[in-house]
Amino acid sequence: MCEKDTFMREAIDLSLDNIDHGGGPFGAVIVKDGKIIARGANRVTASNDPTAHAEVNAIREAARVLGTFDLRGCEIYTSCEPCPMCLGAIYWAHLDKVYYGNTKADAKAIGFDDSFIYDELALPLEKRHLKIVSLMRDQAIKAFEKWDNKSDKIEY
Ligand SMILES: [Zn+2]
């Protein structure tokens, strides 16, 4: 087994074990310099947290372990192709690469369908099922102006 297979094996084992521990069939690990530095499993129903996907949990753990919000130089191995939320988190974390096991079509086949989110994202705001309404922009912009003028901000 090559190194990549070993890391994916760990993500898959997490996905299998998680089913026996109150979670969904999803696992992920984050690797830096050839070592696993963080693990995550799906805990949505176990912790009543709709954002507790394996990848997000692994990212939170990796950031905690490394003491940084920037995970450049790390790669994520996930047992399933990331959903739009996790993909967004992966971009925000600046991970270098994603390896996945199951496809999103495999996930859809057992009832984990995120294709409606991908479909929604492709539509203009007014055509989406989720109503998104702009409100008080003239007030909200004040925080952006304050941030823009802050000289010692930590950019990310
Ligand atoms: Zn996800």
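Residues numbered from 1 in each chain as written. Predicted model: local features only at pLDDT ≥ 70, side-chain atom pairs only at ≥ 80, totals over all residues. Heavy atoms only, no water.

Let us now look at the pattern of salt bridges. Applying the stated criterion across every chain yields a total of five salt bridges. Between Glu 10 and Arg 39 there is a salt bridge, with its nearest N and O atoms 2.7 Å apart. Highlighted residues: Glu 10 in helix H1 (residues 3-19) and Arg 39 in strand E2 (residues 35-41), separated in sequence by 29 residues. The class of Arg 39 is partly exposed, set by a relative accessible area of 43%. A salt bridge links Glu 61 to Arg 64; the shortest N-O distance between them is 3.0 Å. Linking Glu 61 with Arg 64, this pair stays in helix H2 (residues 54-66), spanning three residues, or about one helical turn. (Salt bridge = Lys/Arg side-chain N within 4 Å of Asp/Glu carboxyl O. Helix = DSSP H or I, 4+ residues; strand = E, 2+ residues; numbered from the N terminus. Buried < 20%, exposed > 50% of the residue type's maximum accessible area, 1.4 Å probe, protein only.)

What is shown is where atoms sit, not what they do.
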